[in-house]
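One-letter residues, chain by chain:
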Amino acid sequence: MSNTFYTLNVKDVTKVTADTVTISFDLTADQKSNFNFIPGQYLTLKMTIGGEEVRRSYSICTAPYEADLAVAVKEIENGLFSGFANNTLKAGDQLEAMAPMGNFKITPNADNSKNYIFYAAGSGITPVISMVKSILREEPSSNVQLYYGNKNSDATIFKSQLDELNSEYINLNLTYIYSQQDTGNDLTNGRISASKCEGFFDKSQGNITIDGVYACGPEEMIMCVKDFYTAKGLAKDKIHFELFTASAPAKPAAQEGSSTPVQSQVTVIIDDEEYEFSLNTEGKDILQAAQDEDADVPFSCKGGVCCTCRAKVMEGTVKMDLNFALEEDEVADGFILTCQAHPTSEKVVISYDEY
Ligand code: FES
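Quick caveat: nothing in here was measured; it's all calculated off a predicted structure.

Trainee: Kindly report on the domain arrangement of the chain, identifying the contributing residues and their values.
Mentor: Domain annotation of the chain identifies domain 1 (6-97), domain 2 (115-245) and domain 3 (263-351). A separation of 34 Å is found between the C-alpha centroids of domain 2 and domain 3.

Right, here's the structure in full:
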């Protein structure tokens, strides 16, 4: 995975709720080919704010068939980039962006006749709306149920766009769940929880074959959706999720070698260049160690959530502190999050050039 950033011109910054904006970009003809994306993927943006380089990943909220490439940014407390995007950024400014990436995605196929269930909370709607729009447009025989939780109607990102989709497409079943606004229905009052999943399942899913469940939002919601559909017997590979915030380890560490700390000779390969250094299991993570060697390695969240720092173990073993982003089959294939990885064998070779 290369660390190439492209300079994009900001076409527009539009308020969609009191604390959320969409940022659309004007792409040059050359940039367009680099920014093709699959619905659900994200952009890693970079800029210097107050002398500090800030990188953040934001999901693309438009669909590939739409004219604009755009992301949505919700302002969070003390959020350097999100505050800047919501209060200062304007049309005509420039932002640095990496090409789209991410595993939480759907490739629509006109021949599909599937039943999709989506859960989103707050800004978790961002990748979901791109996926939903794409399915509705490109899979006329598929059905989509979308359960979207917010504090209230005013805080609901893309509400008018979602309402329009709901009017236009008979195969979309849209349900809002509000935690601070009375909907007049117990099932849609409160937060998305296991009991709510049970209620939605009994009402609309008991008689259908579920082909995929997709959840995006905070960890608590993701886990209750995941646990509920797992208990219902849905196969693991049909349950997909993307965390927007993480609070605790979610997936086990991978490729563990000896539990005894070792002093390892690590080789990092990126863009065909090799960087070698010595690193202890209990020392810094491989991403940081590589950066200290001036390797221009890709990263964004540094928290095991975004997947930008993904690389492959070509030789040796490593362990990860956290993994909220890689699928089990990727881990089995040797992929790691380098921001969470530590060597556990005396020789380790990591490549960012493998996909
Ligand atoms: S930088 Fe986001 S998972 Fe490593």
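Trainee: Summarise the pattern of salt bridges; cite the residues concerned and give the values.
Mentor: Taken as a whole, this structure holds nine salt bridges when the rule is applied. Between Glu 53 and Arg 55 there is a salt bridge, with its nearest N and O atoms 2.8 Å apart. On the basis of relative accessibility, which here comes to 42%, the residue Glu 53 falls in the partly exposed class. Two residues, Lys 232 and Glu 198, come together in a salt bridge whose shortest N-O distance is 3.5 Å. Taken as a pair, Lys 232 in the loop between helix H6 (219-231) and strand E11 (239-245) and Glu 198 in helix H5 (residues 194-205) lie far apart in primary sequence, 34 residues in all.

Trainee: Give a description of the nonpolar core that names residues and reports values.
Mentor: Counting residues in hydrophobic clusters, the biggest one holds 35 residues, and the most contacted among them are Val 268, Val 297, Val 318 and Ile 350. Looking at this core, the elements with two or more residues in it are strand E12 (263-270), strand E13 (273-280), helix H7 (286-292), strand E14 (310-315), strand E15 (318-320), strand E16 (335-337) and strand E18 (347-351). In terms of residue count, the dominant contributor to this core is H7 (four residues). The next biggest cluster of nonpolar side chains, apart from the first, holds 29 residues, and it includes Cys 61, Leu 162, Tyr 176 and Tyr 214.

Trainee: Now, about the pairing of strand E2 (residues 20-26): what can you tell me, with residues and values included?
Mentor: Of all seven residues making up E2, six are buried, and the element is well covered by its neighbours. Following strand E1 (residues 6-17), the chain reverses through two residues before pairing antiparallel with E2. Examined bridge by bridge, E2 and strand E5 (residues 69-74) share six bridges and lie antiparallel to one another. For Ile 23, the partnering residue across the bridge sits in E5 and is Val 71.

Trainee: I'd love a proper account of the packing of aromatic side chains, names of residues and values included.
Mentor: Scanning all chains against the criterion turns up 15 aromatic pairs. Between Tyr 119 and Phe 200, the aromatic rings sit 6.5 Å apart at their centres with planes inclined by 45 degrees, giving tilted as the arrangement. Of the two residues, Tyr 119 is situated in strand E7 (residues 115-121) and Phe 200 in helix H5; the sequence distance between them amounts to 81 residues. The class for Tyr 119 is buried, based on a relative accessible area of 0%. For Phe 200, a relative accessible area of 2% corresponds to the buried category. Measuring from centroid to centroid gives 5.9 Å for Phe 201 and Phe 228, while their planes differ by 70 degrees, and the two rings are edge-to-face. Here Phe 201, found in helix H5, pairs with Phe 228, found in helix H6; they are 27 residues apart in sequence, far enough to count as distant. The same class applies to Phe 201 and to Phe 228, which are both buried.

Cut-offs and rules
Residues numbered from 1 in each chain as written. Predicted model: local features only at pLDDT ≥ 70, side-chain atom pairs only at ≥ 80, totals over all residues. Heavy atoms only, no water. Domains from an automatic or database assignment. Salt bridge = Lys/Arg side-chain N within 4 Å of Asp/Glu carboxyl O. Buried < 20%, exposed > 50% of the residue type's maximum accessible area, 1.4 Å probe, protein only. Helix = DSSP H or I, 4+ residues; strand = E, 2+ residues; numbered from the N terminus. Core = buried A, V, L, I, M, F, W, Y, C linked by side-chain atoms within 4.5 Å. Pairing = 2+ DSSP bridges. Phe/Tyr/Trp six-rings, centres within 6.5 Å; stacked < 30°, edge-to-face > 60°.

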